[in-house]
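The residues making up each chain are set out below.
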Amino acid sequence: MANSSRAPGRSRRLRAALVVSAAVGLLATAGAVVLPGSASAASTLGASAAERGRYFGTAVAVSRLNDSAYTTILNREFNQVTAENEMKIDALQPNQGQFNYGNADRLVQHARSQGMLVRGHTLAWHSQQPGWMQNMSGTTLRNAMLNHVTQVATHFRGQIEWWDVVNEAFADGSSGARRDSNLQRTGNDWIEAAFRAARQADPNADLCYNDYNIDNWNDAKTQAVYRMVQDFKSRGVPIDCVGLQSHFTGGSNYPSNYRTTLSSFAALGVDVHITELDIRNAPTDAYRNVVNDCLAVARCKGITVWGIRDSDSWRSSENPLLFNGSGQKKPAYDAVLAALNNGTTPPTGNPTTTPPTGNPTTPPPGGGCTATVTPGQVWGDRYNTSVTVSGASTWSVVVAITAPQKISATWSGSPTWDSSGNVMTMRSNGSGNTFGFTTMMNGNSSARPQIRSCTAG
Ligand code: G3I
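This is a predicted model, so every value here is computed, not measured. (Residues numbered from 1 in each chain as written. Predicted model: local features only at pLDDT ≥ 70, side-chain atom pairs only at ≥ 80, totals over all residues. Heavy atoms only, no water.)

(A) Looking closely at the side chain of Glu77. Here Glu77 lies in helix α3 (residues 68-77). Of note is the side chain of Glu77, whose polar atom sits 3.0 Å from the backbone nitrogen of Leu45. Side-chain polar atoms of Glu77 contact the side chain of Tyr333, separated by 2.7 Å. Other than its neighbours up to four places away in sequence, Glu77 contacts Ser43, Thr44, Leu45, Gly46, Phe56, Phe323, Lys329 and Tyr333. (Helix = DSSP H or I, 4+ residues; strand = E, 2+ residues; numbered from the N terminus. Polar contact = N/O pair within 3.5 Å; in protein donor to acceptor, adjacent residues only side chain to side chain. Contact = heavy atoms within 4.5 Å.)

In C-alpha coordinates, the structure reads:
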(Lines give C-alpha, C1' and ligand atoms only; values in the text may rest on other atoms or scores of the structure.)
Protein backbone atom coordinates (compact mmCIF):
# COMPACT_ATOMS: atom_id res chain seq x y z
CA MET A 1 0.00 0.00 0.00
CA ALA A 2 1.12 3.48 -0.75
CA ASN A 3 0.72 4.51 2.85
CA SER A 4 2.30 1.47 4.42
CA SER A 5 5.07 3.55 5.99
CA ARG A 6 2.53 5.32 8.19
CA ALA A 7 2.17 4.29 11.80
CA PRO A 8 -1.32 2.77 11.74
CA GLY A 9 -3.88 5.11 13.15
CA ARG A 10 -1.30 6.96 15.23
CA SER A 11 -1.92 10.42 13.99
CA ARG A 12 -5.65 10.03 14.12
CA ARG A 13 -5.61 9.01 17.75
CA LEU A 14 -3.09 11.66 18.65
CA ARG A 15 -5.38 14.18 17.09
CA ALA A 16 -8.29 12.93 19.09
CA ALA A 17 -6.25 13.46 22.22
CA LEU A 18 -5.39 16.95 21.05
CA VAL A 19 -9.00 17.74 20.36
CA VAL A 20 -10.00 16.89 23.85
CA SER A 21 -7.03 18.46 25.55
CA ALA A 22 -7.73 21.61 23.56
CA ALA A 23 -11.25 21.54 24.86
CA VAL A 24 -10.02 21.08 28.38
CA GLY A 25 -7.87 24.16 27.85
CA LEU A 26 -10.85 26.09 26.59
CA LEU A 27 -12.90 24.97 29.52
CA ALA A 28 -10.21 25.94 31.96
CA THR A 29 -10.11 29.37 30.37
CA ALA A 30 -13.86 29.67 30.59
CA GLY A 31 -13.87 28.51 34.20
CA ALA A 32 -16.22 25.64 33.47
CA VAL A 33 -15.80 22.25 35.07
CA VAL A 34 -16.82 19.70 32.51
CA LEU A 35 -15.13 16.40 31.97
CA PRO A 36 -15.37 14.56 28.69
CA GLY A 37 -18.14 12.02 28.82
CA SER A 38 -19.81 13.68 31.79
CA ALA A 39 -23.44 14.63 31.72
CA SER A 40 -22.72 18.33 32.28
CA ALA A 41 -23.50 20.69 29.42
CA ALA A 42 -20.45 22.31 27.88
CA SER A 43 -20.82 26.01 27.24
CA THR A 44 -18.85 26.41 24.00
CA LEU A 45 -19.00 24.73 20.61
CA GLY A 46 -15.46 23.40 20.71
CA ALA A 47 -15.70 22.02 24.24
CA SER A 48 -19.01 20.35 23.52
CA ALA A 49 -17.79 18.84 20.26
CA ALA A 50 -14.68 17.56 22.03
CA GLU A 51 -16.86 15.73 24.52
CA ARG A 52 -18.23 13.89 21.52
CA GLY A 53 -14.72 13.13 20.26
CA ARG A 54 -15.03 15.76 17.53
CA TYR A 55 -13.92 19.28 16.72
CA PHE A 56 -15.93 22.38 15.96
CA GLY A 57 -14.02 24.84 13.83
CA THR A 58 -14.24 27.89 11.66
CA ALA A 59 -12.65 29.44 8.63
CA VAL A 60 -10.42 32.30 9.68
CA ALA A 61 -9.33 35.35 7.71
CA VAL A 62 -5.95 36.26 9.10
CA SER A 63 -6.54 39.98 8.62
CA ARG A 64 -9.37 39.74 11.15
CA LEU A 65 -7.09 38.46 13.89
CA ASN A 66 -6.50 42.13 14.66
CA ASP A 67 -10.20 42.53 15.45
CA SER A 68 -10.52 41.74 19.14
CA ALA A 69 -14.27 41.06 18.96
CA TYR A 70 -13.55 38.45 16.28
CA THR A 71 -10.61 36.90 18.10
CA THR A 72 -12.51 36.73 21.37
CA ILE A 73 -15.20 34.57 19.77
CA LEU A 74 -12.65 32.53 17.85
CA ASN A 75 -10.62 31.69 20.94
CA ARG A 76 -13.63 31.02 23.11
CA GLU A 77 -15.74 28.87 20.81
CA PHE A 78 -13.63 26.98 18.31
CA ASN A 79 -10.98 24.30 18.56
CA GLN A 80 -10.16 23.97 14.85
CA VAL A 81 -9.37 26.49 12.14
CA THR A 82 -9.10 26.56 8.35
CA ALA A 83 -7.43 29.45 6.55
CA GLU A 84 -10.16 31.02 4.43
CA ASN A 85 -7.69 32.16 1.77
CA GLU A 86 -4.17 32.23 3.17
CA MET A 87 -3.12 28.68 2.24
CA LYS A 88 -4.39 28.81 -1.32
CA ILE A 89 -1.94 28.49 -4.15
CA ASP A 90 -1.96 32.17 -5.15
CA ALA A 91 -1.35 33.19 -1.54
CA LEU A 92 1.53 30.77 -0.91
CA GLN A 93 3.37 30.88 -4.24
CA PRO A 94 2.56 34.23 -5.89
CA ASN A 95 5.59 33.92 -8.17
CA GLN A 96 6.97 30.59 -9.26
CA GLY A 97 9.54 29.40 -6.76
CA GLN A 98 8.82 32.28 -4.38
CA PHE A 99 6.87 31.08 -1.36
CA ASN A 100 5.10 33.49 0.92
CA TYR A 101 4.17 31.80 4.19
CA GLY A 102 3.76 34.88 6.39
CA ASN A 103 -0.02 35.01 6.81
CA ALA A 104 -0.45 31.24 6.88
CA ASP A 105 2.27 30.87 9.51
CA ARG A 106 0.59 33.55 11.58
CA LEU A 107 -2.65 31.60 11.58
CA VAL A 108 -0.89 28.35 12.45
CA GLN A 109 0.90 30.06 15.32
CA HIS A 110 -2.34 31.52 16.60
CA ALA A 111 -4.03 28.14 16.38
CA ARG A 112 -1.21 26.34 18.15
CA SER A 113 -1.11 28.93 20.91
CA GLN A 114 -4.82 28.27 21.49
CA GLY A 115 -4.65 24.49 21.19
CA MET A 116 -6.66 24.54 17.95
CA LEU A 117 -6.20 22.00 15.18
CA VAL A 118 -5.43 23.24 11.67
CA ARG A 119 -6.95 22.11 8.40
CA GLY A 120 -4.79 22.98 5.40
CA HIS A 121 -6.81 24.39 2.50
CA THR A 122 -5.85 23.69 -0.24
CA LEU A 123 -2.86 22.18 -2.08
CA ALA A 124 -4.25 21.66 -5.60
CA TRP A 125 -7.23 23.49 -7.08
CA HIS A 126 -8.32 24.80 -10.46
CA SER A 127 -9.19 28.14 -8.84
CA GLN A 128 -7.08 30.76 -7.04
CA GLN A 129 -4.06 29.77 -9.07
CA PRO A 130 -1.44 32.49 -9.41
CA GLY A 131 -1.12 33.95 -12.91
CA TRP A 132 2.05 32.05 -13.68
CA MET A 133 0.29 28.74 -13.01
CA GLN A 134 -2.89 29.64 -14.88
CA ASN A 135 -0.81 29.99 -18.00
CA MET A 136 0.80 26.56 -17.70
CA SER A 137 -0.20 23.22 -19.17
CA GLY A 138 0.96 19.66 -19.68
CA THR A 139 4.02 18.26 -17.95
CA THR A 140 5.21 21.70 -16.93
CA LEU A 141 1.98 22.33 -15.02
CA ARG A 142 1.90 18.82 -13.55
CA ASN A 143 5.42 19.23 -12.20
CA ALA A 144 4.69 22.72 -10.90
CA MET A 145 1.59 21.44 -9.12
CA LEU A 146 3.47 18.51 -7.58
CA ASN A 147 6.29 20.81 -6.53
CA HIS A 148 3.76 23.12 -4.86
CA VAL A 149 2.21 20.18 -3.00
CA THR A 150 5.62 18.95 -1.87
CA GLN A 151 6.99 22.33 -0.82
CA VAL A 152 3.90 23.43 1.06
CA ALA A 153 3.18 20.13 2.79
CA THR A 154 6.85 19.96 3.80
CA HIS A 155 6.81 23.51 5.15
CA PHE A 156 3.83 22.79 7.38
CA ARG A 157 4.81 19.23 8.27
CA GLY A 158 3.74 18.37 11.81
CA GLN A 159 1.40 21.36 12.10
CA ILE A 160 -1.49 20.35 9.87
CA GLU A 161 -3.93 17.65 10.93
CA TRP A 162 -5.78 17.39 7.62
CA TRP A 163 -4.91 18.64 4.17
CA ASP A 164 -7.49 19.36 1.52
CA VAL A 165 -5.11 17.92 -1.04
CA VAL A 166 -7.44 18.43 -3.97
CA ASN A 167 -10.40 20.77 -4.00
CA GLU A 168 -13.45 20.83 -6.28
CA ALA A 169 -12.23 18.58 -9.08
CA PHE A 170 -15.66 17.36 -10.20
CA ALA A 171 -18.17 19.05 -12.48
CA ASP A 172 -21.59 20.21 -11.34
CA GLY A 173 -24.72 18.85 -12.95
CA SER A 174 -25.63 15.37 -14.07
CA SER A 175 -22.50 14.34 -15.96
CA GLY A 176 -20.57 12.84 -13.04
CA ALA A 177 -17.47 13.91 -14.92
CA ARG A 178 -14.32 15.57 -13.79
CA ARG A 179 -14.33 19.35 -14.00
CA ASP A 180 -12.47 20.63 -16.99
CA SER A 181 -9.39 22.59 -15.87
CA ASN A 182 -5.78 23.04 -16.75
CA LEU A 183 -4.93 20.47 -14.06
CA GLN A 184 -7.45 17.94 -15.40
CA ARG A 185 -5.97 18.37 -18.87
CA THR A 186 -2.59 17.16 -17.55
CA GLY A 187 -4.16 13.69 -17.26
CA ASN A 188 -6.83 11.96 -15.22
CA ASP A 189 -4.25 10.75 -12.69
CA TRP A 190 -3.43 14.28 -11.48
CA ILE A 191 -5.51 13.82 -8.33
CA GLU A 192 -3.84 10.63 -7.18
CA ALA A 193 -0.44 12.09 -8.07
CA ALA A 194 -1.19 15.01 -5.76
CA PHE A 195 -2.22 12.66 -2.95
CA ARG A 196 0.95 10.58 -3.30
CA ALA A 197 3.12 13.69 -3.23
CA ALA A 198 1.32 14.99 -0.15
CA ARG A 199 1.71 11.68 1.67
CA GLN A 200 5.41 11.64 0.92
CA ALA A 201 5.88 15.20 2.14
CA ASP A 202 3.84 14.85 5.34
CA PRO A 203 3.17 11.23 6.23
CA ASN A 204 1.31 12.12 9.42
CA ALA A 205 -1.30 14.50 8.03
CA ASP A 206 -4.61 13.03 6.99
CA LEU A 207 -5.25 13.64 3.32
CA CYS A 208 -8.72 14.69 2.16
CA TYR A 209 -10.58 15.25 -1.06
CA ASN A 210 -12.85 18.31 -0.59
CA ASP A 211 -15.83 19.47 -2.66
CA TYR A 212 -19.19 21.27 -2.63
CA ASN A 213 -22.52 19.87 -3.78
CA ILE A 214 -21.59 16.36 -2.76
CA ASP A 215 -24.08 16.45 0.11
CA ASN A 216 -27.09 14.91 -1.59
CA TRP A 217 -26.53 11.18 -1.95
CA ASN A 218 -28.58 11.07 -5.15
CA ASP A 219 -26.56 13.68 -7.01
CA ALA A 220 -24.36 12.53 -9.87
CA LYS A 221 -21.49 14.57 -8.47
CA THR A 222 -21.74 12.83 -5.09
CA GLN A 223 -21.78 9.45 -6.78
CA ALA A 224 -18.81 10.33 -8.93
CA VAL A 225 -16.69 11.41 -5.96
CA TYR A 226 -17.80 8.28 -4.12
CA ARG A 227 -16.60 6.11 -6.99
CA MET A 228 -13.27 7.91 -7.08
CA VAL A 229 -12.72 7.37 -3.35
CA GLN A 230 -13.75 3.74 -3.70
CA ASP A 231 -11.27 3.34 -6.54
CA PHE A 232 -8.49 5.08 -4.59
CA LYS A 233 -9.07 2.84 -1.58
CA SER A 234 -9.04 -0.28 -3.74
CA ARG A 235 -5.75 0.71 -5.38
CA GLY A 236 -3.97 1.99 -2.27
CA VAL A 237 -3.94 5.64 -3.29
CA PRO A 238 -3.30 7.40 0.04
CA ILE A 239 -6.61 9.07 0.85
CA ASP A 240 -7.85 9.33 4.44
CA CYS A 241 -10.88 11.54 4.31
CA VAL A 242 -13.55 13.32 2.33
CA GLY A 243 -14.56 16.90 3.05
CA LEU A 244 -18.14 17.89 2.34
CA GLN A 245 -18.04 21.65 2.10
CA SER A 246 -21.78 21.85 2.75
CA HIS A 247 -22.41 25.38 1.57
CA PHE A 248 -26.17 25.41 1.91
CA THR A 249 -26.23 28.89 0.48
CA GLY A 250 -26.80 30.18 -3.02
CA GLY A 251 -28.96 27.53 -4.66
CA SER A 252 -28.03 24.58 -2.44
CA ASN A 253 -30.10 23.21 0.40
CA TYR A 254 -29.53 20.76 3.22
CA PRO A 255 -30.67 17.39 1.82
CA SER A 256 -32.67 14.97 3.93
CA ASN A 257 -30.33 12.14 2.90
CA TYR A 258 -27.21 13.96 4.16
CA ARG A 259 -26.60 11.33 6.85
CA THR A 260 -26.70 8.62 4.20
CA THR A 261 -24.03 10.49 2.29
CA LEU A 262 -21.80 10.83 5.35
CA SER A 263 -22.19 7.19 6.34
CA SER A 264 -21.74 5.93 2.78
CA PHE A 265 -18.41 7.69 2.39
CA ALA A 266 -17.38 6.52 5.86
CA ALA A 267 -18.19 2.94 4.89
CA LEU A 268 -15.45 3.18 2.26
CA GLY A 269 -12.93 3.41 5.10
CA VAL A 270 -12.34 7.17 5.08
CA ASP A 271 -13.18 9.80 7.66
CA VAL A 272 -15.68 12.45 6.74
CA HIS A 273 -15.48 16.14 7.61
CA ILE A 274 -17.99 18.93 7.19
CA THR A 275 -15.54 21.55 6.06
CA GLU A 276 -17.24 24.81 5.04
CA LEU A 277 -20.71 24.82 6.55
CA ASP A 278 -23.00 27.80 6.11
CA ILE A 279 -26.78 27.81 5.67
CA ARG A 280 -28.87 30.55 4.11
CA ASN A 281 -30.58 32.54 6.89
CA ALA A 282 -29.17 30.11 9.45
CA PRO A 283 -32.33 28.09 10.19
CA THR A 284 -32.13 26.26 13.50
CA ASP A 285 -33.54 23.03 12.10
CA ALA A 286 -31.00 22.60 9.34
CA TYR A 287 -28.07 23.47 11.61
CA ARG A 288 -29.35 21.01 14.22
CA ASN A 289 -29.78 18.33 11.58
CA VAL A 290 -26.23 18.75 10.31
CA VAL A 291 -24.86 18.34 13.83
CA ASN A 292 -27.02 15.31 14.55
CA ASP A 293 -26.06 13.73 11.25
CA CYS A 294 -22.38 14.16 12.00
CA LEU A 295 -22.76 12.80 15.52
CA ALA A 296 -24.59 9.77 14.15
CA VAL A 297 -21.64 8.77 11.97
CA ALA A 298 -18.63 7.64 13.98
CA ARG A 299 -16.20 8.66 11.23
CA CYS A 300 -17.57 12.18 11.00
CA LYS A 301 -14.71 13.90 12.77
CA GLY A 302 -15.99 17.43 13.01
CA ILE A 303 -17.66 20.48 11.61
CA THR A 304 -16.11 23.70 10.35
CA VAL A 305 -18.31 26.72 9.69
CA TRP A 306 -17.19 29.06 6.93
CA GLY A 307 -16.71 32.14 9.05
CA ILE A 308 -17.64 33.41 12.49
CA ARG A 309 -20.03 36.37 12.13
CA ASP A 310 -22.46 36.97 9.28
CA SER A 311 -20.37 39.99 8.37
CA ASP A 312 -17.35 37.69 7.90
CA SER A 313 -19.15 35.41 5.44
CA TRP A 314 -18.34 35.18 1.75
CA ARG A 315 -22.15 35.31 1.38
CA SER A 316 -22.85 37.84 4.08
CA SER A 317 -26.14 38.97 2.51
CA GLU A 318 -27.59 35.53 3.35
CA ASN A 319 -26.70 35.83 7.07
CA PRO A 320 -25.70 32.15 7.06
CA LEU A 321 -23.51 31.86 10.18
CA LEU A 322 -23.88 31.34 13.93
CA PHE A 323 -23.05 34.87 15.12
CA ASN A 324 -24.56 38.13 13.90
CA GLY A 325 -22.49 41.06 12.75
CA SER A 326 -22.26 42.32 16.32
CA GLY A 327 -20.81 39.01 17.47
CA GLN A 328 -23.95 37.93 19.28
CA LYS A 329 -25.06 34.32 19.31
CA LYS A 330 -27.94 33.62 16.95
CA PRO A 331 -30.68 31.02 17.51
CA ALA A 332 -28.72 28.70 15.22
CA TYR A 333 -25.81 28.88 17.65
CA ASP A 334 -28.06 27.73 20.50
CA ALA A 335 -29.42 24.93 18.33
CA VAL A 336 -25.93 23.73 17.43
CA LEU A 337 -24.68 23.85 21.01
CA ALA A 338 -27.76 22.04 22.28
CA ALA A 339 -27.42 19.37 19.60
CA LEU A 340 -23.77 18.88 20.51
CA ASN A 341 -24.57 18.73 24.22
CA ASN A 342 -27.43 16.30 23.66
CA GLY A 343 -25.38 14.47 21.14
CA THR A 344 -25.21 11.08 22.69
CA THR A 345 -27.90 9.86 20.32
CA PRO A 346 -26.27 6.72 18.99
CA PRO A 347 -26.95 5.02 15.69
CA THR A 348 -28.63 2.20 17.59
CA GLY A 349 -29.97 1.98 21.12
CA ASN A 350 -29.72 4.49 23.90
CA PRO A 351 -26.70 5.23 26.03
CA THR A 352 -26.47 3.25 29.21
CA THR A 353 -23.94 3.42 31.97
CA THR A 354 -23.55 -0.34 32.27
CA PRO A 355 -21.40 -2.30 29.84
CA PRO A 356 -23.46 -5.02 28.15
CA THR A 357 -21.18 -7.85 29.15
CA GLY A 358 -17.72 -8.31 30.58
CA ASN A 359 -16.39 -5.88 33.13
CA PRO A 360 -13.16 -3.97 32.67
CA THR A 361 -10.37 -5.42 34.72
CA THR A 362 -8.65 -3.72 37.59
CA PRO A 363 -4.96 -4.18 36.89
CA PRO A 364 -2.53 -5.85 39.21
CA PRO A 365 -0.53 -3.46 41.36
CA GLY A 366 3.13 -3.08 40.58
CA GLY A 367 5.44 -0.77 38.76
CA GLY A 368 5.03 1.86 41.45
CA CYS A 369 1.40 2.78 40.74
CA THR A 370 -2.07 1.33 40.44
CA ALA A 371 -4.52 1.96 37.62
CA THR A 372 -8.20 1.56 38.42
CA VAL A 373 -10.74 1.25 35.65
CA THR A 374 -14.16 2.88 35.76
CA PRO A 375 -16.59 1.96 32.98
CA GLY A 376 -18.17 4.97 31.30
CA GLN A 377 -21.09 5.50 28.98
CA VAL A 378 -21.95 2.79 26.48
CA TRP A 379 -23.60 3.43 23.13
CA GLY A 380 -24.65 1.05 20.40
CA ASP A 381 -21.32 1.28 18.64
CA ARG A 382 -18.82 2.48 21.28
CA TYR A 383 -18.10 2.95 24.96
CA ASN A 384 -16.04 5.14 27.21
CA THR A 385 -13.55 4.06 29.87
CA SER A 386 -11.84 6.10 32.58
CA VAL A 387 -8.63 5.04 34.29
CA THR A 388 -7.48 6.61 37.55
CA VAL A 389 -3.85 6.23 38.61
CA SER A 390 -2.83 6.26 42.25
CA GLY A 391 0.60 6.06 43.84
CA ALA A 392 2.44 8.28 41.36
CA SER A 393 2.03 11.73 39.87
CA THR A 394 3.82 10.87 36.63
CA TRP A 395 3.13 7.49 35.13
CA SER A 396 2.56 5.37 32.08
CA VAL A 397 -0.27 2.85 31.80
CA VAL A 398 -0.42 0.16 29.13
CA VAL A 399 -3.93 -0.65 27.88
CA ALA A 400 -4.72 -3.47 25.45
CA ILE A 401 -7.84 -3.51 23.27
CA THR A 402 -9.23 -6.65 21.67
CA ALA A 403 -9.42 -6.32 17.86
CA PRO A 404 -11.56 -5.46 15.96
CA GLN A 405 -12.34 -2.98 18.72
CA LYS A 406 -10.35 0.23 18.29
CA ILE A 407 -9.76 3.26 20.46
CA SER A 408 -11.11 6.29 18.59
CA ALA A 409 -10.52 9.11 21.06
CA THR A 410 -8.55 9.75 24.23
CA TRP A 411 -8.34 12.54 26.75
CA SER A 412 -6.18 13.80 29.60
CA GLY A 413 -3.04 11.87 28.68
CA SER A 414 -0.47 11.44 25.91
CA PRO A 415 -0.97 8.17 24.04
CA THR A 416 1.45 6.18 21.92
CA TRP A 417 0.65 2.94 20.13
CA ASP A 418 2.29 -0.32 19.20
CA SER A 419 2.43 -1.36 15.57
CA SER A 420 -0.87 -3.27 15.79
CA GLY A 421 -2.64 -0.13 16.98
CA ASN A 422 -4.30 -2.16 19.73
CA VAL A 423 -1.90 -1.57 22.61
CA MET A 424 -1.85 1.96 23.92
CA THR A 425 0.69 3.36 26.34
CA MET A 426 -0.87 6.37 28.02
CA ARG A 427 1.52 8.76 29.72
CA SER A 428 0.62 11.49 32.17
CA ASN A 429 0.69 14.93 30.59
CA GLY A 430 -0.06 17.19 33.51
CA SER A 431 -3.84 16.85 33.11
CA GLY A 432 -4.24 14.97 36.38
CA ASN A 433 -4.38 11.32 37.32
CA THR A 434 -7.47 10.26 35.42
CA PHE A 435 -7.40 9.67 31.71
CA GLY A 436 -10.08 8.34 29.44
CA PHE A 437 -10.75 6.90 26.05
CA THR A 438 -13.53 5.91 23.68
CA THR A 439 -13.47 2.47 22.10
CA MET A 440 -15.34 1.60 18.91
CA MET A 441 -16.85 -1.89 19.22
CA ASN A 442 -16.62 -2.67 15.50
CA GLY A 443 -18.91 -5.66 15.93
CA ASN A 444 -17.48 -6.98 19.20
CA SER A 445 -19.70 -5.67 21.97
CA SER A 446 -18.37 -7.85 24.77
CA ALA A 447 -14.61 -7.30 24.99
CA ARG A 448 -13.36 -4.66 27.38
CA PRO A 449 -9.92 -3.03 27.74
CA GLN A 450 -7.25 -4.84 29.69
CA ILE A 451 -4.78 -2.88 31.80
CA ARG A 452 -1.39 -4.51 31.36
CA SER A 453 0.75 -2.38 33.62
CA CYS A 454 1.09 0.85 35.53
CA THR A 455 4.60 2.25 35.81
CA ALA A 456 5.58 5.28 37.88
CA GLY A 457 7.81 7.97 36.42
O1 G3I B 1 -7.77 40.58 -0.44
C2 G3I B 1 -8.20 41.11 -1.71
C3 G3I B 1 -8.30 42.61 -1.63
O4 G3I B 1 -7.03 43.14 -1.40
C5 G3I B 1 -8.87 43.10 -2.96
O6 G3I B 1 -9.10 44.48 -2.86
C7 G3I B 1 -10.20 42.42 -3.25
C8 G3I B 1 -10.77 42.84 -4.59
O9 G3I B 1 -11.51 41.83 -5.20
O10 G3I B 1 -10.00 41.03 -3.27
C11 G3I B 1 -9.53 40.53 -2.05
O12 G3I B 1 -9.37 39.14 -2.18
C13 G3I B 1 -10.57 38.38 -2.19
C14 G3I B 1 -10.46 37.35 -1.09
O15 G3I B 1 -11.60 36.51 -1.13
C16 G3I B 1 -10.39 37.98 0.29
O17 G3I B 1 -11.54 38.66 0.57
C18 G3I B 1 -10.70 37.71 -3.53
O19 G3I B 1 -10.91 38.66 -4.52
C20 G3I B 1 -11.86 36.72 -3.48
O21 G3I B 1 -11.86 35.98 -4.69
C22 G3I B 1 -11.69 35.79 -2.34
O23 G3I B 1 -12.83 34.97 -2.29
C24 G3I B 1 -12.67 33.76 -1.59
C25 G3I B 1 -13.09 32.62 -2.50
O26 G3I B 1 -13.02 31.40 -1.78
C27 G3I B 1 -12.18 32.47 -3.71
O28 G3I B 1 -10.98 31.88 -3.35
C29 G3I B 1 -13.55 33.81 -0.36
O30 G3I B 1 -13.04 34.77 0.57
C31 G3I B 1 -13.56 32.44 0.30
O32 G3I B 1 -14.53 32.42 1.32
C33 G3I B 1 -13.91 31.37 -0.72
O34 G3I B 1 -13.82 30.11 -0.09
C35 G3I B 1 -14.19 29.01 -0.94
C36 G3I B 1 -13.31 27.85 -0.52
O37 G3I B 1 -11.96 28.16 -0.61
C38 G3I B 1 -13.64 26.62 -1.36
N39 G3I B 1 -15.05 26.32 -1.32
C40 G3I B 1 -15.93 27.42 -1.65
C41 G3I B 1 -15.65 28.61 -0.77
C42 G3I B 1 -16.62 29.71 -1.03
O43 G3I B 1 -16.44 30.22 -2.32
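(B) Up close: the site of the ligand. Taken together, 13 residues surround the ligand, and among them Glu84, Lys88, His121, Gln245 and Glu276 come closest. Within the contact set of the ligand, an oxygen atom lies 2.7 Å away from a side-chain nitrogen or oxygen of His121. Gln245 has a polar side-chain atom sitting 2.9 Å from a nitrogen atom of the ligand. Here the shell around the ligand is built from residues that sort into 3 nonpolar, 6 polar and 4 charged. (Near = heavy atom within 4 Å. Nonpolar A, V, L, I, M, F, W, Y, C, P; charged D, E, K, R; others polar.)

(C) The arrangement of the state of the cysteines in detail. Scanning all chains against the criterion turns up 3 disulfides. Covalent S-S linkage joins Cys208 and Cys241, the inter-sulfur distance amounting to 2.0 Å. The sign of the -85 degrees torsion about the S-S bond sets the Cys208-Cys241 disulfide as left-handed. With Cys208 in strand β5 (residues 206-211) and Cys241 in strand β6 (residues 241-244), this pair connects stretches of sequence that are 33 residues apart. Each of the two residues, Cys208 as well as Cys241, counts as buried. Shown here for the chain is a disulfide pattern of 1-2, 3-4, 5-6, where each number marks a bonded cysteine counted in sequence order. (Disulfide = S-S within 2.5 Å. Buried < 20%, exposed > 50% of the residue type's maximum accessible area, 1.4 Å probe, protein only.)

(D) Quick look at the pairing of β5. Within β5, 6 of the 6 residues are buried, which leaves the element mostly enclosed by the surrounding structure. The alternating pattern of β5 places Asp206, Cys208 and Asn210 on one face and Leu207, Tyr209 and Asp211 on the opposite face, and all of these are buried. As paired strands, strand β4 (residues 162-167) and β5 are joined by 5 bridges and run parallel to one another. Among the inter-strand pairings, Trp162 is bridged to a residue of β5, identified as Asp206. For the segment spanning β4, helix α8 (residues 190-201) and β5, crossover handedness is right-handed. Note that β5 and β6 share 4 bridges and pair parallel. Paired with Cys208 across the bridge in β6 is Cys241. You can see the chain leave β5, run along helix α9 (residues 220-235) and come back into β6, and the turn it takes is right-handed. (Pairing = 2+ DSSP bridges. Right-handed = clockwise from strand over helix to strand, strands pointing away.)

(E) Structural detail: the pattern of salt bridges. Applying the stated rule across the entire model yields 17 salt bridges. Where Arg64 meets Asp312, a salt bridge forms, and the shortest distance between an N and an O atom there is 2.9 Å. Taken together, the residues span a long stretch of sequence, with Arg64 in the loop between β1 (55-60) and α3 and Asp312 in the loop between β9 (300-305) and α12 (331-341) at a distance of 248 residues. A relative accessible area of 4% means that Asp312 is categorised as buried. For Arg119, the salt bridge identified is with Asp164, shortest N-O distance 2.8 Å. (Salt bridge = Lys/Arg side-chain N within 4 Å of Asp/Glu carboxyl O.)

(F) Looking closely at α9. Between its first and last C-alpha atoms α9 spans 22 Å; for 16 residues at 1.5 Å apiece the expected length is 22 Å, and the two agree. Every buried residue of α9 is accounted for by Lys221, Thr222, Ala224, Val225, Tyr226, Met228, Val229 and Phe232. Residues of α9 that are buried make contact with α8, β5, β6 and α10 (258-266). (Expected span 1.5 Å × (residues − 1).)

(G) Expanded view of the sheet that holds strand β12 (residues 395-400). The strand order β14-β15-β12-β17 describes an open sheet built from 4 strands, whose pairing is antiparallel. On the outer flanks of this sheet lie β14 (414-417) and β17 (450-456), each paired with one strand and no other. Each strand axis lies, on average, 20 degrees off the axis of its neighbour in the sheet, ignoring direction. (Axes fitted to C-alpha atoms, helices over the stretch in contact; angles between N-to-C directions.)

(H) Broad picture of the packing of α8 against α9. As a packed pair, α8 and α9 sit with axes 12 Å apart at the nearest point and diverge in direction by 50 degrees. Accordingly, the angle class assigned to the pair α8 and α9 is oblique. In this structure, α8 meets α9 at a crossing whose hand is right-handed. Of α9, the residues touching α8 (which contributes Ile191, Glu192, Phe195 and Arg196) are Met228, Phe232 and Arg235. Within the contact of α8 with α9, the residues separate by chemical class into 4 nonpolar, no polar and 3 charged. (Parallel < 35°, antiparallel > 145°, perpendicular 65-115°, else oblique. Left-handed = near helix turned anticlockwise from the far one by under 90°.)

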